[in-house]
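Listed below are the residues making up each chain.
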Amino acid sequence: MEAGDPYIVDDEIAGMHLRAVTLTEAYNSTPAADAEGRRRILEELLAGIGPGTVVRAPFHCDYGTYCSIGARTFVNFGLVVLDVARVTIGDDVQIGPNVQLLTATHPLDADRRRAKWEAAEPIVIGDNVWLGGGVIVLPGVTIGEDTVVGAGAVVTHDLPAGVVAVGSPARVMRAHARQ
Ligand SMILES: CC(C)(COP(=O)(O)OP(=O)(O)OC[C@H]1O[C@@H](n2cnc3c(N)ncnc32)[C@H](O)[C@@H]1OP(=O)(O)O)[C@@H](O)C(=O)NCCC(=O)NCCS
């Protein structure tokens with residue numbers, strides 16, 4: 001599954017998903033004032049989370065074990081991470097409200113889709129990227145460091161480092177100065 005091979009959900013995968021749902025339900029119902037309690041849940045849920053990273057509730061993911069978030073990253077309300085394949089979020093990333101990182105995909109072939117085959121491709125969000133509100137990142141996309149993606153964009157292809165991209169599909173609007 002994580003390697004990108006087609007699969008059909010079995011009991012083991014369903015159990016992994018139930019684990020993530022149970023932990024995210026606990027996370028989302030833990031008061032924001034209990035920062036240590038929230039942090040402990042994220043450390044158990046995710047493959048990794050760096051120091052100084054803040055994830056506002058609600059947060060949702062498929063498995064957690066395939067999602068890592070770097071240091072000093074800020075995640076606003078409503079992030080959805082379908083981490084069927086690996087999702088790597090870098091350091092100092094800013095993620096706006098209601099962003100979706102979607103590694104999962106279904107067959108376009110009607111018979112294989114009816115048979116419940118699924119697959120996935122990894123997503124990488126580089127250091128110091130800013131994803132505006134409502135951005136959707138599709139399977140297999142890598143976004144280079146320092147890049148800004150405008151609110152509401154659908155990112156269908158890789159974006160290079162150090163650009164501003166907007167729209168659906170996301171297109172580079174301009175390069176911007178990198179520090
Ligand atoms: C992408 C963004 C950072 C660009 O800001 P900017 O460089 O100041 O851009 P401008 O406002 O000068 O706009 C430049 C052009 O891009 C267009 N544009 C700007 N943001 C856009 C967006 N998200 N989608 C589509 N087009 C956009 C503008 O309409 C303008 O086009 P025009 O010249 O034809 O009128 C900003 O528009 C944005 O989307 N910010 C996200 C805000 C957000 O999500 N906040 C939540 C907190 S994370």
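Residues numbered from 1 in each chain as written. Predicted model: local features only at pLDDT ≥ 70, side-chain atom pairs only at ≥ 80, totals over all residues. Heavy atoms only, no water.

This part is about the site of the ligand. All residues in the neighbourhood of the ligand are listed as Gly96, Trp130, Gly132, Gly133, Val148, Gly150, Ala151, Val166, Met173 and Arg174. One of the backbone N or O atoms of glycine 133 is found 2.6 Å from an oxygen atom in the ligand. The side chain of arginine 174 places a nitrogen or oxygen atom 2.3 Å from an oxygen atom of the ligand. Here the ligand, which alone exposes 900 Å², has 42% of that area covered by the protein. (Near = heavy atom within 4 Å. Polar contact = N/O pair within 3.5 Å; in protein donor to acceptor, adjacent residues only side chain to side chain. Areas by Shrake-Rupley, 256 points an atom, 1.4 Å probe, with all protein chains shown as cover.)

In this model helix 1 (residues 11-28) runs 25 Å from its N-terminal to its C-terminal C-alpha over 18 residues, within 8% of the 26 Å that 1.5 Å per residue would give. What helix 1 keeps buried is the set Ile13, Ala20, Leu23, Thr24 and Tyr27. Looking straight down helix 1, one finds its buried side chains confined to an arc of 100°; they lie on one side. Among the exposed residues of helix 1, those oriented more than 90 degrees off its buried face are Asp11, Leu18 and Glu25. Along its buried surface, helix 1 packs onto helix 2 (35-45), strand 2 (54-55) and strand 3 (59-61). Two or three places before glutamate 12, at the opening of helix 1, aspartate 10 has a side-chain oxygen 3.2 Å from that residue's backbone nitrogen. (Helix = DSSP H or I, 4+ residues; strand = E, 2+ residues; numbered from the N terminus. Expected span 1.5 Å × (residues − 1). Buried < 20%, exposed > 50% of the residue type's maximum accessible area, 1.4 Å probe, protein only. Arc of directions from axis to C-beta. Contact = heavy atoms within 4.5 Å.)

On to the sheet that holds strand 13 (residues 130-131), then. Strands sit in the order 2-5-8-13-16-18-19 across an open sheet of seven strands; the sheet is mixed. Of all the strands in the sheet, just strand 2 and strand 19 (171-175) have a single pairing partner and so form its edges. Pairing of strand 2 with strand 5 (residues 74-75), which is carried by two bridges, proceeds in the parallel orientation. Residue pairing in the sheet places valine 55 in a bridge with valine 75 of strand 5. (Pairing = 2+ DSSP bridges.)

Moving on, we come to helix 2. Those residues of helix 2 not exposed but buried are Gly37, Arg38, Ile41, Leu42 and Leu45. For helix 2, the angular spread of the buried residues around the axis is 135°, confining them to a single face. Among the exposed residues of helix 2, those oriented more than 90 degrees off its buried face are Ala35, Glu36, Arg40 and Glu44. Those residues of helix 2 that are buried lie in contact with helix 1, strand 1 (48-49), strand 2 and strand 3.

With that settled, the discussion passes to the pairing of strand 19. Along a regular strand, successive side chains alternate from one face of the sheet to the other. As paired strands, strand 18 (residues 163-166) and strand 19 are joined by four bridges and run antiparallel to one another. Pairing of alanine 165 across the sheet is with valine 172, part of strand 19.

We now examine the packing of helix 1 against helix 2. Helix-helix packing: each pair is described by the crossing angle between the helix axes and the interaxial distance. Where helix 1 meets helix 2, the axes come as close as 9 Å, and the angle between the chain directions of the two elements is 165°. The angle between helix 1 and helix 2 falls in the class roughly antiparallel. The chirality of how helix 1 crosses helix 2 is left-handed. Facing Arg19, Ala20, Leu23, Thr24, Ala26 and Tyr27 of helix 1, the residues of helix 2 in contact are Arg38, Ile41, Leu42, Glu44 and Leu45. (Axes fitted to C-alpha atoms, helices over the stretch in contact; angles between N-to-C directions. Parallel < 35°, antiparallel > 145°, perpendicular 65-115°, else oblique. Left-handed = near helix turned anticlockwise from the far one by under 90°.)

Take the environment of glycine 126 next. By the element assignment, glycine 126 lies in the loop between strand 12 (123-125) and strand 13. On the accessibility criterion, glycine 126 (13% relative accessible area) is buried. Sequence separation between glycine 126 and aspartate 146 is 20 residues, and the spatial gap between their C-alpha atoms is 7.2 Å. Aside from chain neighbours lying at most four places away, what touches glycine 126 is Gly90, Val93, Ile143, Gly144 and Glu145.

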